[in-house]
Number of protein chains: 2
Amino acid sequence: MNSFQPTVESLPPTSVTYRLRLPQGLPVHKQPLNPLSFLLRAAQVYPNRLAIAHPDVQFPVYYSYATWAQRIQNLAYALIQAGIQPGDRVAVIAPNSPVIAEAHHGVLAARAIICPINTRLTPAEVAYILDHSGSKLIIVDHEYVRLVQGVKTPVIVSNDSGRVGDSYEAFLSSGRHFSQERGWLGLEWEPNEDSPAALCYTSGTTGRPKGVITTLRGSYLAAVANAYETKMSMESVYLWILPMFHACGWTYPWAVTLACAGQITLRTVSYPLIWNHLLNSGVTHYCGAPTVQIGLVSAPEARPLPRPVSAITAGSAPTAQLIGDLEKLGITAVHVYGLTETYGPFTKCYFQPLWKDLSPEERARYLARQGHSFLTAEEARVVYPLKEGENLDSELVDVPRDGKTIGEVVTRGNIAMKEYFQDPEATRKAFRGGHFNSGDLAVIHPDGYISIQDRSKDIIISGGENASSLAIEQELASHPDVLEVSVVARPHPKWGERPMAFVILKKDAVKKWEGKHKDFEADLKRHVKPRLPGFACPEWVKVVDELPKTSTGKIQKMELRKIIAKL
Amino acid sequence: MNSFQPTVESLPPTSVTYRLRLPQGLPVHKQPLNPLSFLLRAAQVYPNRLAIAHPDVQFPVYYSYATWAQRIQNLAYALIQAGIQPGDRVAVIAPNSPVIAEAHHGVLAARAIICPINTRLTPAEVAYILDHSGSKLIIVDHEYVRLVQGVKTPVIVSNDSGRVGDSYEAFLSSGRHFSQERGWLGLEWEPNEDSPAALCYTSGTTGRPKGVITTLRGSYLAAVANAYETKMSMESVYLWILPMFHACGWTYPWAVTLACAGQITLRTVSYPLIWNHLLNSGVTHYCGAPTVQIGLVSAPEARPLPRPVSAITAGSAPTAQLIGDLEKLGITAVHVYGLTETYGPFTKCYFQPLWKDLSPEERARYLARQGHSFLTAEEARVVYPLKEGENLDSELVDVPRDGKTIGEVVTRGNIAMKEYFQDPEATRKAFRGGHFNSGDLAVIHPDGYISIQDRSKDIIISGGENASSLAIEQELASHPDVLEVSVVARPHPKWGERPMAFVILKKDAVKKWEGKHKDFEADLKRHVKPRLPGFACPEWVKVVDELPKTSTGKIQKMELRKIIAKL
């Protein structure tokens, strides 16, 4: 096994105190939870271990935990010097790279709130978020400076070089100078664990994006769950494919340090680079939506891996085909489910020993479920959705565990968001019945596993029957020539709505069906007919070259609906 | 690999709601931490998995998580029916068995405080604890009824049978009946995570035992650390060797359920039984003091194991010999350190990859260190001890990281106790400088690892030099004929004190040195002379057949001092 072992400078591990000044009056038996703990502990126990590698750029950088912790300390001081006060928002616009990873720790060390912004947004959208969040400072990667042109908020530009002359590096140096070598003890530990850690904006497919406030306590406990559930340890290497700006990278910036593991950042989703690291850098864990996983298994570089790798997958359920393809390469799919409002994952499809004996197809059907709540999460329930005119305070009623009755997934507890920032009305609606209402529709099976059927807006109502677009997609994807598929409702004069499928063919099937898309359509319909109720069989099939996707790899059904509107 | 797979009844997993009634007004984003969460989650995700096995008794029992959770729910209702109010203490006097494991969950589910009592105490000592704790009810195992004869507190006797006719079982049944099938929702979740979970009495080698109050939040977070640090997972099987009455079994009653793992209880420390389970029951984890581990590797049943096993060891540092002996059997020693006041372990000797290349002797020297603080624990510091006349509020000052200067180990944070029950004076002393003062003397090495030298009272002051009895024992134990050794101070006319060693010989060495103990003494002194400074070389050596030990396997140096006083 080739392991990623770049030279890291050999620091004397002895001189640093990894402890912040504690607020007055803290009881001996209480420490406010804060995910910054994990970095400090990792730097103390494994100062010389590789904390973060950023290899595929003009000036690669490799930081040991000792060096990295020092950079983060410098960042905290630099923010304070720049006037950042406890509770202030600091915006970060950057691809996966050390700067955004550092901000996840350094902003917290300054007792401020990190506001990571999606790099795919338009300048107008970014301006809205900067304004709404009231961000006091923006740290921006050089590639995205255009997104903040003309904004009045002070901007620190990172050239992502780690070198003298880079203004982000100058910012860090100024922080070090400002610190007067007071070290960690010159910074104060946030006294209230219920204080916000991050402000992440939802993609906002309808209306304005909403700002999700998560807390220090929640981030700590969510990171514990993610590290524990995926068995990350000191021996692990985490590869950044999921954008860190998406729900704080599902708390992995903290979970990786909790495990004292290493992490590798890639600016873009490049399959040749990903495969290079999977094969040669000792990678053991990565997160990604199924669409990314499909790209990964279909890449020409794909080959069986020399060590077990966990692919943490969410966004939609992995298909049997995908799970099988991953397994052949030595990659185990870990199916989790969550939203920005739940710090990323809060359920996992827990594997049952009995499933080992099932056929791959059957096993995949079980693995496609969203499962049960994570360690440190409270119960994921499926309840009857809000009825017209019903009070938001009415007690929630669970749907029967029959695997049929569709309800809404709700949860509550330490890894549910605190609120939508400055939007009490949206918060109130989302918190119906004292739970966070996910907007995702699901059934609960007799064995207690929850299974998402659809986003409430994606359900297809055909002749009064509810058809889950996800369930239809699962069946279509089992056709041997289908690479990827998305199903949405299309208005129908008789049935109200009927399903329409958009399909990407596998590379070798493109030629096979060239000029014969009608034949393919018939073949696909024949394939799913015995597998789906009549009302769920797609009425129309359209072969496409690509599907519209968000930056996080989610298919934008809204865009497909626009296409349909024009048909 | 033979795995422990007894038949468990196949329960319909669907019908139970594993959720307690929540207190009014709880915010959506907060759930008071409570280790009861873990059992509820395990029962929900793995209802049919083996939760607990109690095999080596007349009536063996094997409970699935679903069944076990039901028994625990019954216990909670039975306690409430018996008049137990939130915050009341419930005493438990039992060897490792389902009854004491159940009490760790059921007492918490009734919002009461578990007070586990050491079964080796005298009736007078038990009476003191019952009185001091103000216990409202006693659950006692049939073997220990003599310890509570004549007490006025109500007693529930368990015959450890799991059968009809057993009064403990009748107690559970009455609870079920009282519940009127309200299930978990008929019980209320403790609203305050800072409420006490347990009241454990220290062994009290000097004066009266002190009652250590630990909290729900602390128990939750300590269990997280123990499960994570020892990599316990759903596949794990934990064998109970450590008594559960000792600091709540280092939080393992909760950590095992967190992992959804199985546990096996043994009433006594019997090496043939232990070896049977190590070989045939799929055991992956157990805890025990080095003296227990020595017994284990020396047992005639010892042979290499078919799977990796983690031996979590504390109480004193494992010797190189012991670590090597364990390794030969496929057992990895995980060296942790803690006290009742820190929920059991709060530091671990984290393995550094570089140590792999060291000789076994050198490696063991590193592994004998107490290391760094656990995940969820705050920093373990070594500070100058309280000086004569110094104020308890003075700021603590760390000793230099030179591996030489002896100071006191202190810590603080979420896995430090809340207080000594009804003893503000002792609490105040123990909380000098806003930290829990352990009373253990240690150095801190240049690489930041702490290394216990001695309990403050066990240090030997010879000619003004501080000699660590533990360090001397480590060197004596490296003599090939030494099985176990303990060193204490003996008054000396010239030097003030000098070390005296009590040695148990290995079985085959007993004959070799029969009638030649003087020769052995000379040989042992020759062995350690080049390894220790002159003031630390033992002046006297006494070969003994056994060493006085506490129920948890700790050597009672107090008893050795009594022997010396009579010399």
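Residues numbered from 1 in each chain as written. Chains lettered and ligands numbered in written order. Predicted model: local features only at pLDDT ≥ 70, side-chain atom pairs only at ≥ 80, totals over all residues. Heavy atoms only, no water.

J.: A description of the sheet that holds strand 9 (residues 237-240) of chain B should follow, citing residues and the corresponding values.
T.: Residue and element names in this part refer to chain B. Strand order across the open sheet formed by 9 strands is 2-1-10-9-11-12-13-14-15, with mixed pairing between neighbours. Sheet topology places strand 2 (61-64) and strand 15 (372-373) at the edges, where each strand pairs with a single neighbour. Its contacts with the sheet place helix 2 (residues 65-81) against strand 1 (50-54), strand 2 and strand 10 (262-265), and it is angled at close to 95° to strand 2. (Pairing = 2+ DSSP bridges. Helix = DSSP H or I, 4+ residues; strand = E, 2+ residues; numbered from the N terminus. Contact = heavy atoms within 4.5 Å. Axes fitted to C-alpha atoms, helices over the stretch in contact; angles between N-to-C directions.)

J.: Let's hear about the packing of aromatic side chains: which residues, and what values?
T.: All names here are of chain A. In the structure shown here, the tally under the stated rule is 18 aromatic pairs over all chains. Ring centres 5.5 Å apart and planes at 55° place the aromatic pair Trp355 and Tyr449 in the tilted group. Linking Trp355 in the loop between strand 14 (344-348) and helix 12 (360-367) with Tyr449 in the loop between strand 19 (436-444) and strand 20 (450-455), this pair joins segments that are 94 residues apart in sequence. Overall, Tyr449 belongs to the buried group, its relative accessible area being 1%. (Phe/Tyr/Trp six-rings, centres within 6.5 Å; stacked < 30°, edge-to-face > 60°. Buried < 20%, exposed > 50% of the residue type's maximum accessible area, 1.4 Å probe, protein only.)

J.: So what about the relation of the copies chain B and chain A? Which residues, and what values?
T.: Note that the two copies of the chain are related through a rotation about an axis and a translation along the same axis. Take chain B, turn it by 180°, move it 0.0 Å along the axis, and it overlays chain A with an RMSD of 0.0 Å. Such a turn and shift between the copies fits a two-fold axis. Of the C-alpha atoms belonging to chain B, the one lying closest to the rotation axis is found on B:Tyr228, 3.3 Å away. The share of interface residues of chain B whose copies in chain A are also at the interface is 100%, consistent with both copies meeting through the same surface. (Least-squares fit on C-alpha atoms with pLDDT ≥ 70 in both.)

J.: Can you break down the interface of chain B and chain A residue by residue, with the values?
T.: In this complex, chain B contributes 65 residues to the contact, which on the side of chain A involves 65 residues. Roughly 5,200 Å² is buried in total at the junction of chain B and chain A, and carbon and sulfur atoms are behind 50% of that figure. On the chain B side of the contact with chain A, B:Val28, B:His29 and B:Tyr228 bury the most area, a combined 15% of that side's loss. If you look at where chain B meets chain A, you find 12 salt bridges. With a closest N to O distance of 2.8 Å, A:Glu193 and B:Arg217 form a salt bridge. For the interface between chain B and chain A, the tally reads 38 residue pairs in polar contact (both at pLDDT 80 or more). Among the elements of the structure, helix 1 (36-45), helix 6 (216-229) and strand 15 of chain B are those that each provide at least two residues to the side of chain B that touches chain A. Take the side of chain B that touches chain A: its biggest share by element is 7 residues, from helix 6 of chain B. Tallied by class, the residues present in the side of chain B that touches chain A amount to 32 nonpolar, 16 polar and 17 charged. (Buried area = accessible area lost by both parts, 1.4 Å probe. Salt bridge = Lys/Arg side-chain N within 4 Å of Asp/Glu carboxyl O. Polar contact = N/O pair within 3.5 Å; in protein donor to acceptor, adjacent residues only side chain to side chain. Nonpolar A, V, L, I, M, F, W, Y, C, P; charged D, E, K, R; others polar.)

J.: Tell me about the side chain of A:Glu473, residues and numbers included.
T.: Topologically, A:Glu473 is positioned in helix 14 (residues 469-476). Apart from the residues lying within four places of it in its own chain, the contact partners of A:Glu473 are A:Val485, A:Ser486, A:Val487 and A:Lys557.

J.: Can you tell me about the sheet that holds strand 16 (residues 381-383) of chain A, naming the residues and giving the values?
T.: Strand-to-strand pairing in sheets goes through backbone hydrogen bonds, with the strands running parallel or antiparallel. Residue and element names in this part refer to chain A. Sheet architecture is open: 4 strands sit in the order 16-17-19-20, paired in antiparallel fashion. Two strands close off the open sheet at either side, each with one partner strand: strand 16 and strand 20. The sheet shows a mean angle of 55° between the axes of neighbouring strands, taken without regard to direction. By the bridge criterion, 3 bridges tie strand 16 to strand 17 (residues 407-411) in an arrangement that is antiparallel. Of the residues in strand 17, the one forming a bridge with Val382 is Val409.

J.: Tell me about the pattern of salt bridges, and please be specific about residues and values.
T.: Residue and element names in this part refer to chain A. By the definition in use, this model includes 72 salt bridges over all chains. Glu188 is the partner of Arg21 in a salt bridge, and the nearest nitrogen-oxygen pair spans 3.8 Å. In this pair, Arg21 is assigned in the segment before helix 1 (36-45) and Glu188 in the loop between helix 5 (167-179) and strand 7 (196-201), connecting sequence segments 167 residues apart. Relative accessible area serves as the criterion here: at 41%, Arg21 is assigned to the partly exposed category.

J.: Give a description of the pairing of strand 8 (residues 211-215) of chain B that names residues and reports values.
T.: Residue and element names in this part refer to chain B. Within strand 8, 5 of the 5 residues are buried, which leaves it mostly tucked inside the rest of the structure. Burial of the side chains of strand 8 extends over both faces: Gly211, Ile213 and Thr215 are buried on one face and Val212 and Thr214 on the other. Note: strand 7 (residues 196-201) against strand 8, 5 bridges, orientation antiparallel. Considered in strand 8, the bridge of Ala198 is made with Thr214. Judged from the 2 bridges that link them, strand 8 and strand 18 (residues 419-420) form a sheet pairing that is antiparallel. Across the sheet, residue Val212 finds its bridge partner in strand 18, namely Tyr420.

J.: Would you mind going over unusual backbone geometry in detail, with residue names and values included?
T.: A positive phi angle, close to 50°, is found at A:Gln422, a residue other than glycine. Looking at the secondary structure, you find A:Gln422 in the loop between strand 18 (419-420) and helix 13 (424-430).

J.: Let's hear about the environment of B:Ile460: which residues, and what values?
T.: Residues and elements named next belong to chain B. Here Ile460 is to be found in strand 21 (residues 460-462). Expressed as a C-alpha distance, the spacing of Ile460 and Arg490, which sit 30 residues apart in the sequence, is 8.4 Å. The contacts of Ile460, once residues within four sequence positions are left out, are Glu465, Asn466, Ala467, Ser469, Ile472, Val487, Val488, Ala489, Glu497, Arg498 and Pro499.

J.: An account of the pairing of strand 3 (residues 89-93) of chain B is requested, with residue identities and associated values reported.
T.: Residue and element names in this part refer to chain B. Counting buried positions along strand 3 yields 5 of 5 residues, so the element is predominantly enclosed. Side chains Arg89, Ala91 and Ile93 of strand 3 all project onto a buried face; the interleaved residues Val90 and Val92 project onto the opposite face, where all are buried too. Summarising the sheet, strand 3 and strand 4 (residues 113-116) pair through 4 bridges and their orientation is parallel. The residue of strand 4 that forms the bridge with Val92 is Pro116.

J.: Kindly report on helix 17 (residues 557-566) of chain A, identifying the contributing residues and their values.
T.: All names here are of chain A. Considered for burial, the residues of helix 17 that qualify are Lys557, Leu560 and Ile564. Along the axis of helix 17, the buried residues cluster in a sector spanning 55°; they form a single face. Summarising the geometry of helix 17, the exposed residues directed more than 90 degrees from the buried face are Ala565 and Lys566. Looking at the buried positions of helix 17, the neighbouring elements they touch are strand 20, helix 14, strand 23 (482-492) and strand 24 (496-505). (Arc of directions from axis to C-beta.)

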